Amino acid sequence: MAKPFQGRKGLFIFLAAVLALLLLIYFTSLRENRTPLEDAMLAIFSPAQKVFSSAGRKIQSFFDAIVSFQELKQENERLRRELAFLEGQLLELQELQKENYRYRQLLEFQENSSLDLLPAQVIGRDPSQWFGMITISRGYRDGIRKEMPVITDRGLVGMVYSVSPNSSQVILLTDPRLAVSALIQRSRDPGIVGIVENYPKEPALLRMTNLPPDCNVQPGDTVISSGLGGVFPKGLPIGTVKEVGEDQYGLVKYVVVEPRINFNRLEEVLVVRGSGGKRSSGE
Amino acid sequence: MLFYLVITLCFILSMLVESSVLSFFMLDRAIPDLFLVLVVSLGFLLGEKRGAVIGLLAGLFQDAMLGPGLGYFALAKMAIGYGVGLLGREFYQDQLLAPTLIVFVGTLTHEFILYFLISQFIGLGVPVEWSLSRFFIPKALYNMGLILLIYPAVFNFYYRNRFTNLKAALRERRF
């Protein structure tokens, strides 16, 4: 049997490399900016990532279609029956929809009209389970800056983590490094503000902590951003309360939140460039 | 030279596939690690020194493209490349059983190293036994399936390349 550590020189070089890498990790873990070399690599590979990401979506659609093919026939029959019933309700619903649309327009105008939003495509995802990160197709050339909130029409996604010329990395709500101040929409009590963060035991869910024990919260309540901290605008939907619990001493409550967004299926997002007057954008 | 050029292209392609296409096919957040499968295959064939260097470079590339800081994937993959290179001496290289078992153990080791580094330098609130059952083992099983496809291709390409170089060297000596 060969003796693995017979060549001591090789072993010393290996241990020196381990030490050097540990130092590298120590100095780059809490850094503010990426190195120019990393930025250059991202800039070089982001066009190819866009192509592969687009191909991935097509492949996914193809497999989804195959998987659902067996169910399509039965579903088709069921849908035909439902269609007859639904057609009768359509006229009534159209009236309601118009009314709803008008109210929604008013509400959006009231709550969101000052946001300056920039659409961006998701072109890459962190494949490891440790960090909830995505790469989007906009960078500082498009006016993106660090810590800008990222949303979709369904709610809050996360925050810009690092910016390159033509792409940016976004840290998602499911990442252990991100926490958002939030409140319960139904009560809108400014005294009841909790922290929404990742839920390590169930990566698809979030957890809202630091709620007082007497706070009025129940399953089904909607959780929205509180606006405290100045990073995230107030009122962005985060998710729905799934479960309410207390810590082991009964001092604070926590709730498990089901996010409104499926973070694994994000395709387009909106970057909030500011909450002031809208920019004249040609994008 | 041609061998290393092709390997470099394979790593770039793996990065693109891993960060885009594969993430659409994840099962409960576990997806195969193409980089690690390539590092294990190459370390097994080329020995500990070249295995460690390939692991280091591949890991740094992964850190620069996707990591939160530099060194996490580099350290984990360099250690795996070195370890697999040492183990490669003890097994027949033309049989699939050894690399298949080694990639399972290697994936678990790789994930434990990452878990330790992230716990120390960033902080992580996930219990290790829970991570083992939810992430590490599914990923290791994925990688076992993947190496059945990748290792034979790397093996054939490596020995065909060596054979061609050998023939060229003999021809030069004869004339």
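Above this text sits the structure in question.
These notes cover the structure that comes with them. (Residues numbered from 1 in each chain as written. Chains lettered and ligands numbered in written order. Predicted model: local features only at pLDDT ≥ 70, side-chain atom pairs only at ≥ 80, totals over all residues.)

1. Quick look at the interface of chain A and chain B
Step number 1: In this assembly, 42 residues from chain A lie in contact with 42 residues from chain B.
Step number 2: Where the side of chain A that touches chain B is concerned, the elements lending two or more residues are helix 1 (8-28), helix 2 (36-112) and strand 1 (116-125) of chain A.
Step number 3: Top element by residues in the side of chain A that touches chain B is helix 2 of chain A. It accounts for 14 residues.
Step number 4: Looking at the side of chain A that touches chain B residue by residue, the class counts come to 25 nonpolar, 10 polar and seven charged. (Contact = placed C-beta atoms within 7 Å. Helix = DSSP H or I, 4+ residues; strand = E, 2+ residues; numbered from the N terminus. Nonpolar A, V, L, I, M, F, W, Y, C, P; charged D, E, K, R; others polar.)

2. Details of the sheet that holds strand 4 (residues 155-163) of chain A
Residue and element names in this part refer to chain A.
Step number 1: The strand order 1-2-5-4-3-12 describes a closed barrel built from six strands, whose pairing is antiparallel. Taking the axes of each pair of neighbouring strands and ignoring which way they run, one obtains an average angle of 45° across the sheet.
Step number 2: Note that strand 1 and strand 2 (residues 133-136) share three bridges and pair antiparallel. Across the sheet, residue valine 122 finds its bridge partner in strand 2, namely isoleucine 136. (Pairing = 2+ DSSP bridges. Axes fitted to C-alpha atoms, helices over the stretch in contact; angles between N-to-C directions.)

3. What about the pairing of strand 3 (residues 149-152) of chain A?
Regular strands have side chains that alternate between both faces of the sheet.
All names here are of chain A.
Step number 1: The pairing of strand 3 with strand 4 spans four bridges and is classified as antiparallel. Its bridge partner being in strand 4, valine 150 is matched across the sheet by glycine 158.
Step number 2: Taken together, strand 3 and the strand that follows it, strand 4, pair antiparallel across an intervening segment of two residues.
Step number 3: Judged from the two bridges that link them, strand 3 and strand 12 (residues 268-274) form a sheet pairing that is antiparallel. From the neighbouring strand, isoleucine 151 faces strand 12, where its bridge partner is leucine 270.

4. Re the packing of helix 2 (residues 34-46) of chain B against helix 3 (residues 48-66) of chain B
Residues and elements named next belong to chain B.
Step number 1: In the contact formed by helix 2 and helix 3, the axes pass within 8 Å of each other and the chain directions differ by 165°. Between helix 2 and helix 3, the interaxial angle falls into the category roughly antiparallel. Once helix 2 is placed against helix 3, the crossing between them reads as right-handed. Of the residues in helix 3, those in contact with Phe35, Val39, Leu42, Gly43 and Leu46 of helix 2 are Arg50, Gly51, Ile54, Gly55, Ala58 and Gln62.
Step number 2: Classifying every residue of the contact of helix 2 with helix 3 by side-chain character gives six nonpolar, four polar and one charged. (Parallel < 35°, antiparallel > 145°, perpendicular 65-115°, else oblique. Left-handed = near helix turned anticlockwise from the far one by under 90°.)

5. Here's the deal with the packing of helix 2 of chain B against helix 4 (residues 72-88) of chain B
Residues and elements named next belong to chain B.
Step number 1: With their axes 7 Å apart at the nearest point, helix 2 and helix 4 run at an angle of 35° to one another. The hand of the helix 2/helix 4 crossing is right-handed. Each of Phe35, Leu36, Val39, Val40, Gly43, Phe44, Leu45 and Leu46 in helix 2 lies in contact with helix 4, whose residues at this interface are Lys77, Ile80, Gly81, Val84, Gly85 and Gly88.
Step number 2: Counted by class, the contact of helix 2 with helix 4 contains nine nonpolar, four polar and one charged residues.

6. Some thoughts on the nonpolar core
It is characteristic of soluble globular proteins that their nonpolar side chains tend to be buried jointly.
Step number 1: Counting 50 residues, the largest nonpolar core has Val37, Leu38, Val39, Val40, Leu42, Tyr72 and Leu75 of chain B as its most contacted members.
Step number 2: Looking at this core, the elements with two or more residues in it are helix 1 and helix 2 of chain A together with helix 1 (2-21), helix 2, helix 3, helix 4, helix 5 (97-121) and helix 6 (128-174) of chain B.
Step number 3: Look past the residues within four positions of leucine 38 of chain B in its chain and what remains in contact with it is Cys10, Phe11, Ser14 and Ile150 of chain B.
Step number 4: Residues Val160, Leu183, Met208 and Val217 of chain A belong to the second largest nonpolar core, which totals 44 residues. (Core = buried A, V, L, I, M, F, W, Y, C linked by C-beta atoms within 7 Å. Buried ≥ 20, exposed ≤ 12 C-beta atoms within 10 Å, placed from the backbone.)

7. Digging into helix 5 of chain B
Residues and elements named next belong to chain B.
Step number 1: If you check helix 5, its first and last C-alpha atoms are 36 Å apart, about what 25 residues at 1.5 Å a residue would give, namely 36 Å.
Step number 2: By the burial criterion, the buried members of helix 5 are Pro99, Ile102, Val103, Gly106, Thr107, His110, Glu111, Leu114, Leu117 and Ile118.
Step number 3: Of the residues one or two after helix 5, glycine 123 is the one with positive phi, at around 105°. (Expected span 1.5 Å × (residues − 1).)

8. Some points on unusual backbone geometry
Residue and element names in this part refer to chain A.
Step number 1: One non-glycine residue, glutamate 147, lies in the positive phi region at around 70°.
Step number 2: Given 12 C-beta atoms within a 10 Å radius, glutamate 147 is considered exposed.
Step number 3: Not every positive phi belongs to a glycine, and asparagine 210 is a case in point at roughly 65°.
Step number 4: Structurally, the position occupied by asparagine 210 is in strand 8 (residues 206-211).
Step number 5: Asparagine 210 gets classed as partly exposed once you count the C-beta atoms within 10 Å, which come to 15.

9. A short note on the environment of serine 19 of chain B
Step number 1: Mapping serine 19 of chain B onto the fold places it in helix 1.
Step number 2: Between the C-alpha atom of serine 19 of chain B and that of methionine 65 of chain B, which follows or precedes it by 46 residues, the distance is 9.4 Å.
Step number 3: If we ignore the near neighbours within four places in the chain, the residues touching serine 19 of chain B are Gln49, Gly124, Arg125 and Pro127 of chain A together with Leu66 of chain B.

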